[in-house]
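Given next are the chains, with one letter for each unit.
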Amino acid sequence: MANNAYGIDLGTSNIKIYSRNDDVILVERNMIAIENKGGVFAYGDSAFEMYEKAPGNIHISYPLCNGVIADIKNMEMLIRYFINDLSKGSIRPSDYYIAVPSDITEVEKRAFKDLLNKSGIKPRQIMVVEKTIADGLGLGIDVKNAQGILLVNVGYDTTEISILSLGGIVLSRLIKTGGLRFDDAIRQVIRKEHSLIIGGKTAEGVKMELRELTKDGRNAVVYGRDIVTGLPVERSIPTPLIDGALAEQFKMIIDNVRVILERTPPELAADIYRHGIYLTGGASQVSNFAEMMRKGTKLGVNVADNPITSVAVGLSKIIKDANYKSVAYAIEGMSK
Ligand SMILES: Nc1ncnc2c1ncn2[C@@H]1O[C@H](COP(=O)(O)OP(=O)(O)OP(=O)(O)O)[C@@H](O)[C@H]1O
Ligand SMILES: [Mg+2]
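Residues numbered from 1 in each chain as written. Chains lettered and ligands numbered in written order. Predicted model: local features only at pLDDT ≥ 70, side-chain atom pairs only at ≥ 80, totals over all residues.

Caption draft 1: Region of interest: the site of ligand 1. Every one of the 21 residues lining ligand 1 counts as a neighbour, but Gly11, Ser13, Gly155, Gly179 and Gly282 are closest to it. Of all the secondary structure elements, the ones that give two or more residues to the shell around ligand 1 are helix H5 (179-194) and helix H6 (200-216). Top contributing element to the shell around ligand 1 by residue count: H6, with three residues. Taken together, the residues that form the shell around ligand 1 break down as six nonpolar, twelve polar and three charged. Both domains that meet at the shell around ligand 1, namely domain 1 (5-135 + 310-329) and domain 2 (143-303), each give it at least three residues. (Near = placed C-beta within 6 Å. Helix = DSSP H or I, 4+ residues; strand = E, 2+ residues; numbered from the N terminus. Nonpolar A, V, L, I, M, F, W, Y, C, P; charged D, E, K, R; others polar. Domains from an automatic or database assignment.)

Caption draft 2: Local environment of unusual backbone geometry. The phi torsion at Lys122 lies on the positive side, around 55 degrees, for a residue other than glycine. Looking at the secondary structure, you find Lys122 in the loop between helix H3 (106-118) and strand S10 (123-130). Given 15 C-beta atoms within 10 Å, Lys122 falls into the partly exposed group. Despite not being glycine, Ser195 shows a phi value in the positive range, around 50 degrees. The residue Ser195 is located in the loop between H5 and strand S14 (196-197) in this model. With 15 C-beta atoms counted inside 10 Å, the residue Ser195 sits in the partly exposed group. (Buried ≥ 20, exposed ≤ 12 C-beta atoms within 10 Å, placed from the backbone.)

Caption draft 3: Broad picture of the environment of Val170. Within the fold, Val170 resides in strand S13 (residues 168-175). A count of 18 C-beta atoms within 10 Å places Val170 in the partly exposed class. Considering only alpha carbons, one finds Val170 and Gly282, 112 residues apart in sequence, at a separation of 24 Å.

Caption draft 4: Just the sheet that holds strand S5 (residues 40-43), in detail. Read from one edge of the open sheet, three strands run S5-S4-S6, paired in antiparallel fashion. Taken across any chain shown, the strands that pair with only one partner, and hence form the sheet edges, are S5 and strand S6 (58-61). Each strand of the sheet is rotated relative to its neighbour by a mean of 15 degrees, with strand direction disregarded. (Pairing = 2+ DSSP bridges. Axes fitted to C-alpha atoms, helices over the stretch in contact; angles between N-to-C directions.)

Caption draft 5: Structural view of the domain arrangement of the protein chain. Split by domain assignment, the protein chain resolves into domain 1 (5-135 + 310-329) and domain 2 (143-303). Centre-to-centre, using C-alpha coordinates, domain 1 lies 25 Å away from domain 2. Facing 17 residues of domain 1, the contacting portion of domain 2 comprises 21 residues. For the side of domain 1 that touches domain 2, the element with the highest residue contribution is helix H4 (residues 131-138), accounting for three residues. (Contact = placed C-beta atoms within 7 Å.)

Caption draft 6: Structural view of the pairing of strand S12 (residues 159-165). Burial analysis of S12 places seven of its seven residues in the buried class, the great majority of the element. Burial along S12 is two-sided: the residues Thr159, Ile161, Ile163 and Ser165 and Glu160, Ser162 and Leu164 are all buried. As paired elements, strand S11 (residues 149-154) and S12 share six bridges and run antiparallel to each other. Paired with Ile149 across the bridge in S12 is Leu164. Here S11 folds back onto S12, and the loop between the two strands holds four residues. As defined by bridge partners, S12 adjoins S13 across seven bridges and the pair is classed as antiparallel. By the bridge assignment for S13, Ile161 is matched with Arg173. Where S12 folds back on S13, the antiparallel hairpin that results is connected by two residues, among which Leu166 adopts a positive phi of roughly 50 degrees.

Caption draft 7: Quick peek at the nonpolar core. Counting residues in each nonpolar core, the largest one holds 85 residues, and the members touching the most others are Tyr97, Val129, Leu315 and Ile318. Split by domain, the residues of this core number at least three in each of domain 1 (5-135 + 310-329) and domain 2 (143-303). The residues touching Ile318, leaving out its near neighbours within four places in the chain, are Tyr97, Val129, Ala134, Leu137, Tyr324, Lys325, Val327 and Ala328. (Core = buried A, V, L, I, M, F, W, Y, C linked by C-beta atoms within 7 Å.)

Caption draft 8: Region of the structure containing the sheet that holds strand S3 (residues 24-29). As summarised here, the arrangement of the six strands in space is S3-S2-S1-S9-S10-S19, forming an open sheet in which the pairing is mixed. Where the open sheet ends on each side, the last strands, each with one partner, are S3 and strand S19 (328-329). As judged from the two bridges shared by S10 and S19, these two strands associate in the antiparallel manner. Paired with Val128 across the bridge in S19 is Tyr329. Packed onto the sheet, H3 meets strand S9 (94-100) and S10 and runs at close to 150 degrees relative to S10.

Here it is in structure tokens:
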């Protein structure tokens, strides 16, 4: 098989890898389960399946934290497994395009390149693309020519708010909130109001179901441990309680968007007014978020068709279309 080109969006919760030869995007949980003895027990979605259920001798973790590589060894291992899966067991020398957060230092950027070099995936060329730029392309925005684009990516533990213009980033702000905080808010309110301790996965499930539940006028049915009796129980939670807990989190993001808007040069502000805000990232799908953003900013809101993969779709365009190649660049000062 011919050499390939891959585009990687290393998310804290989900890793997304575009493979040019198959024209597919792999989406898997960025998780690894390690046995005490040091062997890999499971990775990706199967490691997530075991999360919060595994015995003490199996350690399950996310190697990324706040978009930065916290556990290099495990991250290298995961990348090797996923590229091995995509290349059906025979990893060939290939080009890699990796999306990196826009506000990281040169040293941190080199750490991403280092990661790919040491993963055993035979990189030929490693190119870096700013995540927000790839995101814009993935959402179908002509980032090189468009002026005044406000993009908000709500991920797992970070939310990035950026203003793009003419292929560059004019302003950006990375805040430490996202899907994980939403889950925590749900857990806390259920604990406080219903004396019930629920797991992170249950909370995530409620968050994802919320729109449907609200539409059908149903309560969220959750299982957890009663604080008073210590016994496992089932409870029915009215959705307005959850909406209230999430609204506080949404407000924090909306307040930050307003701060960015206040700092935006007036000419760009006029363009943003015309285009509206672009929302993406998996957690931007949560019930009521887009509506609250619309009300809180008095701007139009464009929601992504594929919010989890928008960055990877942008990378695929860069890989396939020579017109976009100029937004990717090599990192200097590193030997291969
Ligand atoms: N249908 C849905 N409704 C609500 N939330 C969702 C839905 N699908 C996924 N999410 C949430 O989206 C988050 C993951 O989104 P995404 O893959 O964009 O994050 P990430 O790129 O891994 O994280 P980060 O960008 O912070 O590194 C999780 O918190 C998940 O619970
Ligand atoms: Mg992300």
